[in-house]
Amino acid sequence: MLKGIIFDLDGVLVDSHAAHMQAWREFLHGMGRDVSEGELAVVLEGRKREEILRHFLGELSAGEVREYGTRKDELFRCYARELKPLPGAVEFLEAATEAQLQIGLASSASRARVERTLQELGLERHFRVTVSGDDVAAGKPDPAIFRMAAHGLRLTPENALVCEDAVCGVEAAKAAGMRCLAIAANGRAEALKAAGADRVAPDFQQVKVEDLRGLFGD
């Protein structure tokens, strides 16, 4: 039975990928690394910020991770002055709330950015539990972040649905034993299906909460 939904943030609820790509490109350029569009694709895979930093820059100290992460987030704020929810996301959240489902968020972003984004968009009231990249040692595809969110919502894996947009996120959801709705706004439907998504939709306008109960045999 569907009892709760755990959402990713970037690319699922919030149209933020373009701002992230621009911020990472500018940050890396300032570090002497000019990267191609293809190389930057790793940014969209839902990994923790420190993992992305080490991917591009190699081994870093904890102090360097903090310094560079702060610098990148400052650039992101410059590019993300007018972030908007993705089509249908707010309506879907409201429908899930009205259906009395337990709602949580599990994002690889820092807690400060998660809380700031939810507050700016007026979405924080929907979430009983929020788990950030700061709360787990390993990022997606490790399932820890979704297991922590489910535990906070008092959900068992078989009663939880994860909403994701990245292959790593889908893999994390399935490793946690949860069903997964993949939002394929960037034309990655086949890759998300191959990763194990139980259903794929271009956005939340094409999905109704009641329809998803069928994934659980409700």
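Scroll up to find the structure.
Calculation notes
Residues numbered from 1 in each chain as written. Predicted model: local features only at pLDDT ≥ 70, side-chain atom pairs only at ≥ 80, totals over all residues. Heavy atoms only, no water. Helix = DSSP H or I, 4+ residues; strand = E, 2+ residues; numbered from the N terminus. Rg over C-alpha atoms; globule rule 2.2 N^0.38 Å. Buried < 20%, exposed > 50% of the residue type's maximum accessible area, 1.4 Å probe, protein only. Contact = heavy atoms within 4.5 Å. Core = buried A, V, L, I, M, F, W, Y, C linked by side-chain atoms within 4.5 Å. Polar contact = N/O pair within 3.5 Å; in protein donor to acceptor, adjacent residues only side chain to side chain. Axes fitted to C-alpha atoms, helices over the stretch in contact; angles between N-to-C directions. Parallel < 35°, antiparallel > 145°, perpendicular 65-115°, else oblique. Left-handed = near helix turned anticlockwise from the far one by under 90°. Nonpolar A, V, L, I, M, F, W, Y, C, P; charged D, E, K, R; others polar.

Draft legend 1. Examining the overall build of the protein chain more closely. The helix and strand inventory of the protein chain stands at ten helices and six strands. Scaling as 2.2 N^0.38, a compact globule of 218 residues should have a C-alpha radius of gyration of about 17 Å, and the protein chain matches this with 17 Å. Over its C-alpha atoms, taken along the principal directions, the protein chain stretches across nearly 55 × 30 × 30 Å. Residues classed as buried in the protein chain amount to 50% of the 218 residues present. For the protein chain, restricting intrachain contacts to residue pairs at least 6 apart in sequence, the fraction spanning at least 24 positions comes to 65%.

Draft legend 2. Summary view of unusual backbone geometry. Note the cis peptide between K140 and P141, where omega equals 15°. Despite not being glycine, Q100 shows a phi value in the positive range, around 60°. With respect to the secondary-structure elements, Q100 resides in the loop between α5 (89–98) and β2 (102–106). Residue Q100 is classed as exposed on the basis of its relative accessible area, which comes to 69%. For R154, which is not glycine, the phi dihedral falls at a positive 60°. With respect to the helices and strands, the residue R154 is situated in the loop between α7 (144–153) and β4 (160–164).

Draft legend 3. Expanded view of the nonpolar core. In terms of nonpolar packing, the biggest core is built from 50 residues, with I5, F7, L13, F127, L181 and F204 touching the most fellow members. Among the elements that take part in this core, helix α1 (residues 17–30) stands out by supplying six residues, more than any other. In this structure F7 touches V12, L13, F92, L93, I103, G104, L105, A106, F127, C163 and F204, once residues within four positions along its chain are discounted. One finds V129, L155, C180 and A182 within the second-largest nonpolar core, a separate group that totals 24 residues.

Draft legend 4. Representation of the environment of T97 in the model. The residue T97 is located in helix α5 in this model. Taking the C-alpha atoms as reference points, T97 and V35, separated by 62 residues in sequence, lie 41 Å from one another. Apart from residues no more than four positions distant in its own chain, T97 is found in contact with I103 and H126. Within the structure, T97 has its side chain in polar contact with the side chain of H126 (distance 2.9 Å).

Draft legend 5. How the structure looks around the packing of α1 against helix α4 (residues 62–79). In the contact formed by α1 and α4, the axes pass within 8 Å of each other and the chain directions differ by 130°. For the element pair α1 / α4, the angle class is oblique. Taken as a pair, α1 and α4 cross one another with a handedness that is right-handed. For the pair formed by α1 and α4, the contact residues are A19, H20, Q22, A23, W24, E26 and F27 on the first element and Y68, R71, K72, L75, F76 and Y79 on the second. Taken together, the residues of the contact of α1 with α4 break down into eight nonpolar, two polar and three charged.

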